[in-house]
Amino acid sequence: MNLAGKIAVVTGGSRGIGRAICLRLAKMGAKVVINYVSRPEAAEETKAQVAALGAECVVLKFDVANSSEVQDAFKQITDECGRIDILVCNAGITRDGLLARMKEEDWDEVMAVNLKGTFNCVKAGCRPMMKQRWGRIIIITSVVGFAGNAGQVNYSAAKAGLVGLTRSTARELASRSITVNCVAPGYIETDMTSELPEAVKEKILAEIPLGILGQPEDIAGAVTYLASDDARYVTGQAIHVNGGMFMG
């Protein structure tokens, strides 16, 4: 899966799953644009790890929920790099709480970043892809977008919305040789899951047939496949990477 010469933009690429995706794409030869909105030190650490692989990379701060910032950022990328070949929409947040107690602003913020933010980036990113008549768009959704999860009605709804966005956009862009797919992670070992109490972890593991949590690299592998020519005939699909937790 050679991605030499390709320009890849990864939103939320500074840590966790996003960092693993940046590193895998870099190993395959792509030049990586690492987006972040907070914790610049994490973005610089990812940049250093990418550079250590001998790959080119750029760190770019912008808020995916802000359409004008997204438009300016993607114009800067195309001006400096000449093209955008791969777009990975990974940026996302959680504001968990039971429906009956959820604050309206917690609903709105999750929708703004996770759903509208992806819309903003796909809209801006597909334009140069349409001109060059080639592109790969990969959207990170979640197992809870399919199965649901108590205490995450906002997150689950946003992630389910990404599946509809993926499939509709795939139909719109297929004639320009642009594929659009999503990857649905299950429970992955990240900073977020490391803070869970042991009792909660045990309950989660009991629901996973493989009996282990996934690694960020598992998601990066699926993304890299979808970004490659090996997946040239795959579009509008949701690839589940969850250890068998959900089979749909």
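Read on for an overview of the structure. Just so it is clear, the structure is predicted and the values come from calculations on it, not from any experiment.

## Describing unusual backbone geometry
Turning to step 1, where the next piece is worked out: One non-glycine residue, R133, adopts positive backbone phi at about 60°.
Turning to step 2, where the next piece is worked out: Following the sequence through the fold, R133 ends up in the loop between α4 (104–132) and β5 (135–140).
Turning to step 3, where the next piece is worked out: Classification of R133 by relative accessible area gives partly exposed; the value is 46%.
Turning to step 4, where the next piece is worked out: Phi at S177 is positive, roughly 60°, even though this residue is not glycine.

## Some remarks on the environment of T118
Turning to step 1, where the next piece is worked out: Turning to its location among the elements, T118 is positioned in helix α4.
Turning to step 2, where the next piece is worked out: Distance from T118 to C22, taken between C-alpha atoms, is 18 Å for residues 96 residues apart in sequence.

## Some points on the side chain of N114
Turning to step 1, where the next piece is worked out: If you trace the backbone, N114 turns up in helix α4.
Turning to step 2, where the next piece is worked out: A distance of 2.8 Å separates a polar atom in the side chain of N114 from the backbone nitrogen of I93.
Turning to step 3, where the next piece is worked out: Each residue touching N114, except ones within four places of it in the same chain, is listed here: A91, G92, I93, Y155, A158, K159 and L162.

## Topic: helix α6 (residues 153–173)
Turning to step 1, where the next piece is worked out: With 21 residues, α6 should cover 30 Å at 1.5 Å per step; its first-to-last C-alpha distance of 30 Å lies within 8% of that length.
Turning to step 2, where the next piece is worked out: Listing the buried residues of α6 in full gives N154, Y155, S156, A158, K159, L162, V163, L165, T166, T169, A170 and L173.
Turning to step 3, where the next piece is worked out: Here the buried face of α6 lies against α4, β5, α5 (144–147) and β6 (178–185).

## Digging into the pairing of strand β4 (residues 86–89)
Turning to step 1, where the next piece is worked out: Neither face of β4 is left uncovered, since the one carrying I86 and V88 and the one carrying L87 and C89 both have all their residues buried.
Turning to step 2, where the next piece is worked out: Here three bridges tie strand β1 (residues 7–10) to β4, and the two strands are oriented parallel to one another. Counterpart to V9 in the pairing with β4 is L87.
Turning to step 3, where the next piece is worked out: In this structure, β4 lies alongside β5, joined through four bridges in parallel fashion. Residue I86 lies in a different strand from β5, and its bridge partner there is R136.
Turning to step 4, where the next piece is worked out: You can see the chain leave β4, run along α4 and come back into β5, and the turn it takes is right-handed.

## A look at the nonpolar core
Turning to step 1, where the next piece is worked out: Core analysis: the largest hydrophobic core is formed by 35 residues, its most contacted members being F62, F74, L87, C121, I137 and I139.
Turning to step 2, where the next piece is worked out: Secondary-structure elements contributing two or more residues to this core are α3 (67–81), β4, α4, β5, α6 and β6.
Turning to step 3, where the next piece is worked out: No other element matches α4, which puts eight residues into this core.
Turning to step 4, where the next piece is worked out: Residue contacts for L87: discarding those within four places in its chain leaves V9, F74, C121, V122, G125, M129, R136, I137 and I138.
Turning to step 5, where the next piece is worked out: Judged by nonpolar contacts, the second largest core, of 31 residues, contains I21, I219, A222 and L226.

## Remarks on the layout of surface pockets
Turning to step 1, where the next piece is worked out: Approximately 1500 Å³ is the volume attributed to the largest pocket.
Turning to step 2, where the next piece is worked out: Of all elements in the fold, only α1 (16–27), β2 (31–36), α4, α5, α6, α7 (191–194) and α8 (198–206) reach the threshold of two or more residues within the lining of the largest pocket.
Turning to step 3, where the next piece is worked out: The class makeup of the residues in the lining of the largest pocket is 23 nonpolar, 17 polar and ten charged.
Turning to step 4, where the next piece is worked out: The calculated volume of the second largest pocket comes to roughly 180 Å³.
Turning to step 5, where the next piece is worked out: In the lining of the second largest pocket, the residues fall into three nonpolar, two polar and three charged.

## Focus on α4
Turning to step 1, where the next piece is worked out: If you check α4, its first and last C-alpha atoms are 41 Å apart, about what 29 residues at 1.5 Å a residue would give, namely 42 Å.
Turning to step 2, where the next piece is worked out: The principal kink in α4, of about 35°, is found at K116.

## Focus on the pattern of salt bridges
Turning to step 1, where the next piece is worked out: For the structure shown, the criterion picks out seven salt bridges.
Turning to step 2, where the next piece is worked out: The shortest N-O distance in the salt bridge between K75 and D79 comes to 2.8 Å. Highlighted residues: K75 and D79, both in helix α3, separated by four residues, approximately one helical turn.

The rules behind each value
Residues numbered from 1 in each chain as written. Predicted model: local features only at pLDDT ≥ 70, side-chain atom pairs only at ≥ 80, totals over all residues. Heavy atoms only, no water. Helix = DSSP H or I, 4+ residues; strand = E, 2+ residues; numbered from the N terminus. Buried < 20%, exposed > 50% of the residue type's maximum accessible area, 1.4 Å probe, protein only. Polar contact = N/O pair within 3.5 Å; in protein donor to acceptor, adjacent residues only side chain to side chain. Contact = heavy atoms within 4.5 Å. Expected span 1.5 Å × (residues − 1). Pairing = 2+ DSSP bridges. Right-handed = clockwise from strand over helix to strand, strands pointing away. Core = buried A, V, L, I, M, F, W, Y, C linked by side-chain atoms within 4.5 Å. 1 Å grid on protein atoms, 1.4 Å probe; cavity = no way out; pocket = protein on both sides within 12 Å on 5 of 7 lines; lining within 4 Å. Points joined across faces, edges and corners; volume = space filled by probe spheres on them. Nonpolar A, V, L, I, M, F, W, Y, C, P; charged D, E, K, R; others polar. Bend = angle between axes of the 7 residues up to and from the residue. Salt bridge = Lys/Arg side-chain N within 4 Å of Asp/Glu carboxyl O.

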